[in-house]
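# Per-entry structural report
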Amino acid sequence: MKRTASAFWLNSPGEGEIREVTLPAPSEGEVLVRALYSGVSRGTETLVFRGGVPESQHAAMRAPFQEGDFPAPVKYGYLSVGEVEEGPADLVGRTVFCLYPHQTRYVVPVTAVTRVPGNVPAERAILAGTLETAVNALWDAAPLIGDRIAVVGGGMVGCSVAALLARFPGVRVQLVDADPARAGVAKALGVDFALPKDALGECDLVVHASATEQGLTRSLELLTPEGTVLELSWYGDRQVSLPLGEAFHSRRLVIRSSQVGTVSPARRSSRTYADRLALALELLADPALDALVTGESAFEELPRVMPMLTSGEIPALCHRVRYGKSA
């Protein structure tokens, strides 16, 4: 029997379409998953959609089940939640998370899916990939009890980091963003909010996730002497200038990168990507994280919706894609 599914493809920068794809029958060690929801991460996916992945990063930016090559045509995405229809008996009927593009059904190895805990709704589980990024950032940052912390950039990753930091004992954490509308999201997450000009200084740690030159500059300004900026932003093909003169050296400031694709061996040598993702899914039991999902549309609408997400016409943190029951 011929198995088919529908997938969202980027034909050329700024233009996408729904294509029919043929599925193989799952073999031993594989599962057939019917998608329930997927998520569009406005930062990375809109960068891909506009064709902004620099050639030097084409290999590093590949998603696990990507088809095609940058800039296009390419099938891209990595926040999928679905129900296992075929596979090992202990997985059939279970809700799982997978780093798969936007597609109605797909076949992947058993090792590529992670069970969603029973206390985490499928609608919220699409956040697992981004929360896993936040977990890794905090493993890299290693904040201490009583630290004064700012998160500059109230996008999906920044808000996820701030939400986790708000649960650390004794820390002062503030979400900083130029968009005053982010104040509502911060409140829902239980985090203090400030515009850049009003942000509290003397920070021991600033997590930067605004992907702007101005945001990185402000992050350095907010540090206490010997403080650290943990850089989470992905700038794509843009060049960024840093103010490394004046008091940068005399204040002994630190700028450190965090890499989502690997776990820092110096920080968590015994932990794996699977450990990190499982932890992220456990943390998603908190209903406050629903504030990170700021819109929803049907899968069939993606060719129309993606350009609006990319341009900002539809403002979004994580945009949820809904699949029909007969998908």
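Figured I'd write up the structure that's included with this text. Model, not experiment: these values are computed from the prediction.

Time to look at the overall build of the protein chain. Broken down by element type, the protein chain carries 9 helices and 17 strands. Its C-alpha radius of gyration of 20 Å places the protein chain within 12% of the 20 Å reference for a compact globule of 327 residues. Projecting the C-alpha coordinates of the protein chain onto the three principal axes gives extents of approximately 70 × 40 × 35 Å. Once local pairs closer than 6 in sequence are excluded, the contacts in the protein chain between residues at least 24 apart make up 64%. When the 31 positive and 37 negative side-chain charges of the protein chain are each reduced to one mean point, those points stand 3 Å apart.

Together, Val 240, Leu 242, Leu 244 and Ile 255 make up a nonpolar patch on the protein surface, roughly 260 Å² of accessible area in all. Topologically, Ile 255 is positioned in strand E15 (residues 254-257). On the basis of relative accessible area, Ile 255 is assigned to the partly exposed category, the value being 32%.

So, on to the nonpolar core. Counting 74 residues, the largest nonpolar core has Phe 97, Leu 127, Val 161 and Leu 189 as the members making the most contacts within it. Counting residues per element, this core draws most heavily on helix H3 (residues 128-141), at 8 residues. Dropping the residues within four chain positions of it, Leu 127 is found in contact with Met 156, Leu 284, Leu 289, Leu 292, Val 293 and Cys 318. The next biggest cluster of nonpolar side chains, apart from the first, holds 15 residues, and it includes Ala 150, Val 152, Val 176 and Ala 199.

Let's shift gears to the packing of helix H1 (residues 42-49) against helix H9 (residues 302-311). One can describe the packing of H1 onto H9 by two numbers: an axis separation of 9 Å at closest approach and a directional angle of 110°. Classified by the angle their axes make, H1 and H9 are roughly perpendicular. Contact with H1, carried on its side by Arg 42, Glu 45, Thr 46 and Phe 49, involves Met 306, Pro 307, Leu 309, Thr 310 and Ser 311 of H9 and no other residues of that element. When grouped by side-chain class, the residues that make up the contact of H1 with H9 number 4 nonpolar, 3 polar and 2 charged.

With respect to burial, helix H4 (residues 156-165) is a largely interior element, 9 of its 10 residues being buried. Along H4, the positions that sit buried rather than exposed are Met 156, Gly 158, Cys 159, Ser 160, Val 161, Ala 162, Ala 163, Leu 164 and Leu 165.

Let us now look at the state of the cysteines. Enumeration over the complete set of coordinates arrives at 0 disulfides. Note on Cys 98: no disulfide assigned, nearest cysteine sulfur contributed by Cys 318 at a separation of 16 Å. Just so you know, Cys 159 is unpaired, no disulfide at all, and the nearest cysteine sulfur is the one on Cys 318, 12 Å from it.

On to empty space enclosed by the protein. The full count for this structure, using the stated rule, is 1 cavity of 30 Å³ or more. Contributing to the lining of the largest cavity are Phe 8, Trp 9, Leu 10, Glu 45, Val 48, Phe 49, Val 74, Lys 75, Tyr 76, His 102 and Met 306. Elements that contribute at least two residues to the lining of the largest cavity include exactly strand E1 (3-12), H1 and strand E5 (74-75). Class assignment of the residues belonging to the lining of the largest cavity gives a composition of 8 nonpolar, 1 polar and 2 charged.

Pairing within the open sheet is parallel, and its 6 strands lie in the order E12-E11-E10-E13-E14-E15. Pairing within the sheet leaves two strands with one partner each, and these edge strands are strand E12 (192-194) and E15. Recorded for the sheet is a direction-independent mean angle of 25° between the axes of neighbouring strands. Here 5 bridges tie strand E10 (residues 148-152) to strand E11 (residues 172-176), and the two strands are oriented parallel to one another.

Attention now goes to the pairing of strand E17 (residues 318-322). Regular strands have side chains that alternate between both faces of the sheet. Of all 5 residues making up E17, 4 are buried, and the element is well covered by its neighbours. For strand E3 (residues 30-41) and E17, the ladder comprises 5 bridges, and the chain directions are antiparallel. Among the inter-strand pairings, Tyr 37 is bridged to a residue of E17, identified as Arg 322. Pairing between strand E16 (residues 293-298) and E17: 5 bridges, direction parallel. For Val 293, the partnering residue across the bridge sits in E17 and is Cys 318. Handedness of the crossover joining E16 and E17 through H9 is recorded here as right-handed.

So, about the environment of Gly 129. By the secondary structure assignment, Gly 129 is in helix H3. When the C-alpha atoms of Gly 129 and Asp 290 are compared, they prove to be 14 Å apart, with 161 residues separating the residues in sequence. Filtering out sequence-adjacent residues up to four positions away, Gly 129 remains in contact with Leu 79 and Phe 97.

Rules used throughout
Residues numbered from 1 in each chain as written. Predicted model: local features only at pLDDT ≥ 70, side-chain atom pairs only at ≥ 80, totals over all residues. Heavy atoms only, no water. Helix = DSSP H or I, 4+ residues; strand = E, 2+ residues; numbered from the N terminus. Rg over C-alpha atoms; globule rule 2.2 N^0.38 Å. Contact = heavy atoms within 4.5 Å. Lys, Arg positive; Asp, Glu negative; His and termini not counted. Charge placed at Lys NZ, Arg CZ, Asp CG, Glu CD. Patch = residues over 30% accessible without salt bridge, like charges linked within 9 Å, V, L, I, M, F, W, Y side chains within 5 Å. Areas by Shrake-Rupley, 256 points an atom, 1.4 Å probe, with all protein chains shown as cover. Salt bridge = Lys/Arg side-chain N within 4 Å of Asp/Glu carboxyl O. Buried < 20%, exposed > 50% of the residue type's maximum accessible area, 1.4 Å probe, protein only. Core = buried A, V, L, I, M, F, W, Y, C linked by side-chain atoms within 4.5 Å. Axes fitted to C-alpha atoms, helices over the stretch in contact; angles between N-to-C directions. Parallel < 35°, antiparallel > 145°, perpendicular 65-115°, else oblique. Nonpolar A, V, L, I, M, F, W, Y, C, P; charged D, E, K, R; others polar. Disulfide = S-S within 2.5 Å. 1 Å grid on protein atoms, 1.4 Å probe; cavity = no way out; pocket = protein on both sides within 12 Å on 5 of 7 lines; lining within 4 Å. Points joined across faces, edges and corners; volume = space filled by probe spheres on them. Pairing = 2+ DSSP bridges. Right-handed = clockwise from strand over helix to strand, strands pointing away.

That is the geometry; function is a separate question.
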